[in-house]
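Descriptive structure summary
As a plain string of letters, each chain reads:
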Amino acid sequence: MAVLFLLAALVGCVVARPSSENVTPVEVTLYYESLCYGCRMFVPNQLLPAYTDSKYRSLISKLTLVPYGWVWVKNATSHDYNCQHGESECDGNRLHACAIKYIPDQVTTLEYISCLDKQGPDNLTFASLQYPIDACQDKLPNGLYSKIMSCYNSDESWELFQNNGKKTTSFFTTSSFVPYVSFNNKRNDDVAESAVQDFKKELCKAAGVVDPDCFHKTN
């Protein structure tokens, strides 16, 4: 009888634990600019650490990166654009787009972008500076940099740039900010702003996690 009572008690403890049945991995989309200061801080300090931690990676069903931001289109046919942080940001956005397309895994993609984000002084305005196109090649598998540069130096990079522009403008029907984190393709400015400050916390909430261990404050 004592053994049966103990088993019943143990089962009761298990049943009483918070259910994880409502935990559902979410799609994460990051809208950003290659030279925006906040974007350059978010990818290496928030997104990459979460994506390389199996606990948080399991909560992401799909990760989409959209490097574009705020761009004034003067003449799309002749590739005449004004990016928010100057021509070099348009260059960076195109390089990122090619890297996102041709790097076969997203961990390497995020490591490469994070490395690019760390180039130069922290307070770059980039209005008159060149984007560090040749940096961070050591983050790429052999032969991949040449493929990325082939894309970058061709019309393909402009096609990717324009496609990211369509994604951005269709998502932001009114003015907003970048970096912008969207969960399951929904727009919620409060959630996006909070996710920029503590991505892991908002990811846990979006996925329906109730375990307090998931809500780890990012350093």
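As recorded in an unreviewed UniProt entry, the protein chain goes by the name Gamma-interferon-inducible lysosomal thiol reductase, listed as coming from Nezara viridula. Taken from UniProt, the Subcellular location (unreviewed entry) comment for the protein chain reads in full: "Secreted". As recorded by UniProt, the Sequence similarities (unreviewed entry) comment attached to the protein chain reads in full: "Belongs to the GILT family."

A look at the state of the cysteines
As enumerated under the stated definition, the model contains 4 disulfides in all. Each sulfur of the disulfide joining Cys-83 and Cys-90 lies 2.0 Å from the other. Looking down the S-S bond of the Cys-83 and Cys-90 bridge, the torsion is 105°, so its handedness is right-handed. Taken as a pair, Cys-83 and Cys-90 share a single burial class, namely buried. Disulfide connectivity for the protein chain, with bonded cysteines indexed by sequence position, reads 1-2, 3-6, 4-5, 7-8.

Side note on helix 5 (residues 106–117)
Along its 12 residues, helix 5 runs 16 Å from first to last C-alpha, staying within 8% of the 16 Å computed at 1.5 Å per residue. Counting buried positions along helix 5 yields 9 of 12 residues, so the element is predominantly enclosed. In this structure, the buried residues of helix 5 make contact with strand 1 (26–32), helix 2 (37–51), strand 2 (60–67), helix 4 (87–102) and helix 6 (144–152).

Observations concerning the nonpolar core
Within the largest apolar cluster, 36 residues are counted, with the highest numbers of intra-cluster contacts made by Val-28, Phe-199 and Leu-203. Taken together, the elements giving at least two residues each to this core come down to strand 1, helix 2, strand 2, helix 5, strand 5 (180–183), helix 8 (189–197) and helix 9 (199–207). Among the elements that line this core, the one with the most residues is helix 2, at 7 residues. What Val-28 contacts, discounting residues up to four positions off in sequence, is Ile-60, Lys-62, Leu-63, Thr-64, Val-181, Ser-182, Phe-183, Phe-199 and Leu-203. The next biggest cluster of nonpolar side chains, apart from the first, holds 21 residues, and it includes Cys-98, Leu-116, Ile-133 and Cys-136.

Points about unusual backbone geometry
Following Val-178, the chain continues to Pro-179 via a peptide bond in cis, the omega torsion being 0°. Its place among the elements puts Pro-179 in the loop between helix 7 (155–171) and strand 5. The backbone phi angle of Cys-136 is positive, close to 70°, even though this residue is not glycine. We classify Cys-136 as buried; its relative accessible area is 7%.

Re the sheet that holds strand 1
What the 3 strands build is an open sheet, ordered 2-1-5; its pairing is mixed. Sheet topology places strand 2 and strand 5 at the edges, where each strand pairs with a single neighbour. This sheet shows a mean twist of 15° between the axes of neighbouring strands, independent of strand direction.

Some points on the pairing of strand 1
Counting buried positions along strand 1 gives 6 out of 7 residues, so the element sits mostly inside the fold. Relative to strand 2, strand 1 runs parallel, the two sharing 7 bridges. Counterpart to Glu-27 in the pairing with strand 2 is Lys-62. Two strands pair when backbone bridges link them, and strand 1 and strand 5 are joined in this way by 4 bridges, in the antiparallel orientation. Bridge pairing links Leu-30 to Val-181 in strand 5.

Cut-offs used in this document
- Residues numbered from 1 in each chain as written.
- Predicted model: local features only at pLDDT ≥ 70, side-chain atom pairs only at ≥ 80, totals over all residues.
- Heavy atoms only, no water.
- UniProt positions renumbered as here; feature names shortened; annotations may be inferred.
- Disulfide = S-S within 2.5 Å.
- Buried < 20%, exposed > 50% of the residue type's maximum accessible area, 1.4 Å probe, protein only.
- Helix = DSSP H or I, 4+ residues; strand = E, 2+ residues; numbered from the N terminus.
- Expected span 1.5 Å × (residues − 1).
- Contact = heavy atoms within 4.5 Å.
- Core = buried A, V, L, I, M, F, W, Y, C linked by side-chain atoms within 4.5 Å.
- Pairing = 2+ DSSP bridges.
- Axes fitted to C-alpha atoms, helices over the stretch in contact; angles between N-to-C directions.

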